[in-house]
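This is what each chain is made of:
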Amino acid sequence: MTATAIRVLLVDDDPLVRSGLRVMLDGHALPGDGTGPVRRIQVVGDAGDGDEVPAAVAAGRPHVVLMDLRMRRVDGVAATREVTSRPDAPTVVVLTTFDADEHVVRALRAGASGFLLKDAAPEGIVEAVRAAADGDAVLSPAITRRLIGIVRGDGAGPVDRRRAARARLDRLADRERDVAEAVARGGSNADIAAELHMSVATVKSYVSRLLRELGLDNRVQIALLVRDATD
């Protein structure tokens, strides 16, 4: 059985954090089902500030970028926005201590697909990398609810927000709505496939279609929209 790599770029202004993540992740073998190729994580580079990220992405062609938020010259939000605007952009997962909630929300709006706590257990970090590479959510339902509370602190009032969200979801076909609601519950692609009796490939296709039809960037934004519509 051949091996295939999930390429990861590490972005953090603390060299000790980058070193620790590299030791933890580089070469780590991911458990499989015994039928496909063995997958390993390959750290293809690192960057100490946001202005180094575009060149590092071009050089390493990562599937996943673990992105710090607070950096001296260019912060993680700006770097995320630049990276995710590219064709064939990697998945960006924010690295955070969660002491600056609004920064996390800004990063999600800039195109990040989730976030990872810096004090997470090693197995949690490995699983987050796998999930991001597979297009799954990197937010637990509990954390999603916490972020929803922050997002709702600004902008339109609850009635207007609910009405606008429902109008957008009403344009979806029934099966698309089913997938959107399953995403909002925090289900992975495999979970949704089992629940809705689909293949994982079909779920991925539906998620891609939802993002395109709703004008959204990632699964977290799907979850926020569904919860806005149902509250």
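Think of each chain on its own: its residues are numbered from 1, step by step along the sequence as written. Only residues with pLDDT of 70 or above have their local features reported here, since the model is predicted, and side-chain atom pairs are shown and tallied only from 80 upward, although totals for entire chains, interfaces and linings are computed over all residues. For side-chain calculations, the full set of non-hydrogen atoms in the structure is used, while hydrogens and water are omitted.

Description of the overall build of the protein
Next up, step 1: A count of helices and strands for the protein gives 11 helices and 6 strands.
Next up, step 2: Counting the 231 residues in the protein, one finds 45% classified as buried.
Next up, step 3: Nonlocal contacts in the protein, meaning residues at least 24 apart in sequence, comprise 68% of its contacts between residues at least 6 apart.
Next up, step 4: As displayed, the protein has an accessible area near 11200 Å², and 51% of this comes from carbon and sulfur atoms. The way it works is that DSSP assigns letters per residue, a run of H or I at least four long becomes a helix, a run of E at least two long becomes a strand, and they are numbered from the N terminus. Working definition: with a 1.4 Å probe on protein chains only, accessible area under 20% of the residue-type maximum means buried, over 50% means exposed, and in between means partly exposed. Note on contacts: a residue pair is in contact if any heavy atoms of the two residues lie within 4.5 Å. What sets the accessible areas is the Shrake-Rupley method with a 1.4 Å probe; for residues, cover comes only from the shown protein chains.

Some words on the packing of aromatic side chains
Next up, step 1: Each pair of aromatic rings taken from Phe, Tyr and Trp, with Trp reduced to its six-membered ring, is defined by centres within 6.5 Å and is described as stacked if the planes are under 30 degrees apart, edge-to-face if over 60, and tilted in the remaining cases. Following the criterion strictly, the structure yields 0 aromatic pairs and no others.
Next up, step 2: For a lysine, the NZ atom is tested; for an arginine, the CZ atom; a charge sits over a ring if that atom is within 6 Å of the ring centre and within 35 degrees of the ring normal. Residue placement shows Arg209 over the ring face of Tyr206; its charged tip is 4.7 Å from the ring centre.

Side note on the side chain of Arg18
Next up, step 1: Counting through the fold element by element, Arg18 comes out in helix 1 (residues 15-25).
Next up, step 2: With near-sequence residues (within four places) excluded, Arg18 lies in contact with Leu10, Asp12, Asp13, Asp46, Ala47 and Gly48.

What about the pattern of salt bridges?
Next up, step 1: Should a side-chain nitrogen of Lys or Arg be within 4 Å of a carboxyl oxygen of Asp or Glu, the pair is scored as a salt bridge. Scanning all chains against the criterion turns up 16 salt bridges.
Next up, step 2: Here Glu52 makes a salt bridge to Arg73, at a shortest N to O gap of 3.3 Å. Here Arg73 lies in the loop between strand 4 (64-68) and helix 3 (76-84) and Glu52 lies in the loop between strand 3 (38-47) and helix 2 (53-60), a separation of 21 residues in the sequence.
Next up, step 3: A relative accessible area of 35% means that Glu52 is categorised as partly exposed.
Next up, step 4: Shared partners join several salt bridges into a network, and the residues in it are Arg39, Glu127, Arg130 and Asp134.

Notes on the environment of Ala193
Next up, step 1: Checked against the element boundaries, Ala193 lands in helix 9 (residues 189-196).
Next up, step 2: In sequence terms Ala193 and Val179 are 14 residues apart; their C-alpha atoms lie 9.1 Å from each other.
Next up, step 3: When sequence neighbours within four positions are dropped, the list of residues in contact with Ala193 reads Met198, Ser199, Val200 and Val203.

Points about the packing of helix 8 (residues 174-184) against helix 9
Two measures define how a pair of helices packs: the angle their axes make with one another and the distance between the axes.
Next up, step 1: The axes are straight lines fitted to the C-alpha atoms, using for helices just the contacting stretch, and the angles between their N-to-C directions are given from 0 to 180°. Contact geometry for helix 8 and helix 9: axes closest at 10 Å, N-to-C directions at 135 degrees. Between helix 8 and helix 9, the angle falls in the class oblique. Remark: the crossing between helix 8 and helix 9 carries right-handed chirality. Facing helix 8, whose interface residues are Arg175, Asp178, Val179, Ala182 and Val183, helix 9 presents Ile192, Glu195 and Leu196.
Next up, step 2: For the contact of helix 8 with helix 9, the per-class residue count stands at 5 nonpolar, no polar and 3 charged. Angular relationships are summarised with four words: roughly parallel below 35 degrees, roughly antiparallel beyond 145, roughly perpendicular across 65 to 115, and oblique for the angles in between. Whether a crossing is left-handed or right-handed is set by the direction in which the near helix is turned from the far one by less than a right angle, anticlockwise for left-handed and clockwise for right-handed. When residue character is reported, Ala, Val, Leu, Ile, Met, Phe, Trp, Tyr, Cys and Pro are called nonpolar, Asp, Glu, Lys and Arg charged, and the others, Gly included, polar.

Some details on the environment of Val17
Next up, step 1: Structurally, Val17 can be placed in helix 1.
Next up, step 2: C-alpha separation for the pair Val17 and Lys118, spaced 101 residues apart in sequence, amounts to 8.7 Å.

Quick word on helix 5 (residues 122-133)
Next up, step 1: By this rule, a helix spans an expected 1.5 Å times one less than how many residues it contains. Look at helix 5: 17 Å from first C-alpha to last across 12 residues, which is about the 16 Å you get at 1.5 Å a residue.
Next up, step 2: Those residues of helix 5 lying buried are Ile125, Val126, Ala128, Val129, Arg130, Ala131 and Ala132.
Next up, step 3: Phi for Gly135, located one or two positions after helix 5, is positive at around 85 degrees.

Quick look at the nonpolar core
Next up, step 1: Definition used in this section: a nonpolar core is a set of buried Ala, Val, Leu, Ile, Met, Phe, Trp, Tyr and Cys residues joined via side-chain atoms within 4.5 Å. Membership of the largest hydrophobic core comes to 24 residues, with the highest contact counts inside it found for Leu169, Val179, Val207, Leu210, Leu214 and Ile222.
Next up, step 2: With 6 residues, helix 10 (residues 200-214) is the single largest residue contributor to this core.
Next up, step 3: Those residues in contact with Val179 that sit more than four places away from it in its chain are Leu196, Met198, Tyr206, Val207 and Leu210.
Next up, step 4: Ala47, Val83, Phe115 and Val220 belong to the second-largest nonpolar core, a separate cluster that totals 23 residues.

Let's talk about the pairing of strand 5 (residues 91-96)
Next up, step 1: Among the 6 residues of strand 5, 5 are classified as buried, and the element is accordingly described as predominantly covered.
Next up, step 2: Pairing of strand 4 with strand 5 involves 5 bridges; the strand directions are parallel. Within the sheet, the bridge partner assigned to Val65 lies in strand 5 and is Val92.
Next up, step 3: A crossover counts as right-handed when, viewed with the strands pointing away from the observer, the path leading from the first strand over the helix to the second turns clockwise. Following the chain from strand 4 across helix 3 to the adjacent parallel strand 5, one finds a crossover that is right-handed.
Next up, step 4: Strands qualify as paired when DSSP identifies two bridges or more between them. Two strands pair when backbone bridges link them, and strand 5 and strand 6 (residues 114-117) are joined in this way by 4 bridges, in the parallel orientation. Its bridge partner being in strand 6, Val93 is matched across the sheet by Gly114.

Shape is all these values report; function is a separate question.
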